[in-house]
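If you want the building blocks of each chain, they are given just below.
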Amino acid sequence: MPELPEIEVTRRGIAPLLTGRVISGVAVREPRLRWRVPDAVLGLAGLAIRGVRRRGKYLLLDCSDGHLILHLGMSGSLRVIASETPPQKHDHFDLVVGERTLRLRDPRRFGAVLWTAERVEAHPLLVGLGLEPLSRALNGRRLHALTRAHQSPIKQVLMDGRRIVGVGNIYASESLFRAGIHPRTPARRLSLERCAKLAAAIKDTLRDAIRAGGSSLRNFVNSDGRPGYFQNRTRVYDRAGAPCRRCGTAIRRILQGQRSTFYCPRCQR
DNA sequence: CTCGCCACCTGGGGGC
DNA sequence: TGCCCCCAGGTGGCGA
């Protein structure tokens, strides 16, 4: 389920329950995630959790002696539950904090649980990541600059984590609709003005999605913690053939880099 | 460097 | 019911 808004909603949900607490136990039921869960993770009991940060789609649990790096892949979710709750199928990893447990469920196992004792920003998976879209670093000028070398379609550049992090398949389509830009436009052909519009559209799209997901935060401690776009009406994503909410024209679906893209042929040029 | 494509996995839905 | 095919929100890694 996770793009940046889902990860951020998750972070906000789990942070208050973990920050300042001491890890009392760890369970690894299935170590074969995207990368094998390192044995070091089994020895984390006794460490204090100092904070929970997000970098792109990675969640970083800053501990007293290193950093736990979590990624939810395509199908992962995290929940804080009562520690005695029996695990279900696909519940691969637990971080026990007294009477509460942070539990990772990930049917497809594209997610990751990693540990580093070094500076986490220098971790190989994080070191090459691009701009945080909700930070001031992303603006029209920066977007214009970082698209200059790319002949490829803007949709695919938006999803390239080495340029901008956190914009996945759904929100790439949604952002381009808001900006009125055709997803096949070669990135380098976008004017500064259109880049400014797109940068603003990305921020608006992600912020709205976080706000929509945030309304389910209160459920995070219990069973039904599904945040995100289930309650978020998309404007184009997964709406092929349905009328554009702005002009009524049928939404189209195309393939770009083996992924579905949705757009309005009239509103997006 | 960029680009295009494959791979990793499981499950759900539709057609027959 | 069962089987088979297609699709799915991510992203590292490969060769060109």
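Remember, it's a predicted structure, so these values are computed and weren't measured experimentally.

Okay, the protein's contact with DNA strand B next. In the region of DNA strand B, the neighbouring residues are Lys89, His90, Pro107, Arg108, Arg109, Phe110, Ala149, His150, Gln151, Ser152, Arg163 and Gln258. The sugar-phosphate portion of DNA strand B accounts for 68% of its atoms within 4 Å of the protein, the bases making up the rest. Side-chain polar atom of Arg109 to a phosphate oxygen of DNA strand B: 2.9 Å apart, as the coordinates give it. Grouping the amino acids of the surface near DNA strand B by side-chain chemistry returns 3 nonpolar, 5 polar and 4 charged.

This part is about the pairing of strand E6 (residues 91-97). The buried fraction of E6 is high, at 6 of 7 residues. Sheet topology note: the E6/strand E7 (residues 100-105) ladder contains 6 bridges and is antiparallel. Across the sheet, Phe93 pairs through a bridge with Leu104, a residue of E7. The turn joining E6 and E7, which pair antiparallel and follow one another in sequence, is formed by 2 residues; a positive phi near 65 degrees is taken by Gly98.

Another point: the domain arrangement of chain A. According to the domain assignment, chain A consists of domain 1 (4-122) and domain 2 (140-263). On a C-alpha basis, the centroid separation for the pair domain 1 and domain 2 is 27 Å.

So, about the pattern of salt bridges. In total, this model carries 16 salt bridges according to the counting rule given. Two residues, Glu132 and Arg55, come together in a salt bridge whose shortest N-O distance is 3.0 Å. Placement of Glu132 in the loop between helix H2 (124-127) and helix H3 (140-147) and of Arg55 in strand E2 (residues 49-55) is noted, with a sequence separation of 77 residues between them. With a shortest N-O distance of 3.1 Å, Asp160 and Arg162 are connected by a salt bridge. For Asp160, a relative accessible area of 16% puts it in the buried group. Taken together, the salt bridges that share partners define one network made up of Glu8, Arg11, Arg12, Arg54, Arg55 and Glu132.

With that settled, the discussion passes to the nonpolar core. Ranked by size, the top nonpolar core spans 28 residues in total, and within it Leu68, Leu70, Leu102 and Val113 carry the most contacts. Of all the secondary structure elements, the ones that give two or more residues to this core are helix H1 (4-18), E2, strand E3 (58-63), strand E4 (66-71), strand E5 (77-82), E6, E7 and strand E8 (112-116). Per element, the largest residue contribution to this core is 5 residues, and it comes from H1. Each residue touching Leu70, except ones within four places of it in the same chain, is listed here: Lys57, Tyr58, Leu59, Leu61, Leu78, Phe93, Leu102, Ala112 and Val113. Counting 27 residues, the second largest nonpolar core, distinct from the first, contains Val9, Ile164, Leu190 and Leu198.

Conventions and cut-offs
Residues numbered from 1 in each chain as written. Chains lettered and ligands numbered in written order. Predicted model: local features only at pLDDT ≥ 70, side-chain atom pairs only at ≥ 80, totals over all residues. Heavy atoms only, no water. Near = heavy atom within 4 Å. Polar contact = N/O pair within 3.5 Å; in protein donor to acceptor, adjacent residues only side chain to side chain. Nonpolar A, V, L, I, M, F, W, Y, C, P; charged D, E, K, R; others polar. Buried < 20%, exposed > 50% of the residue type's maximum accessible area, 1.4 Å probe, protein only. Helix = DSSP H or I, 4+ residues; strand = E, 2+ residues; numbered from the N terminus. Pairing = 2+ DSSP bridges. Domains from an automatic or database assignment. Salt bridge = Lys/Arg side-chain N within 4 Å of Asp/Glu carboxyl O. Core = buried A, V, L, I, M, F, W, Y, C linked by side-chain atoms within 4.5 Å. Contact = heavy atoms within 4.5 Å.

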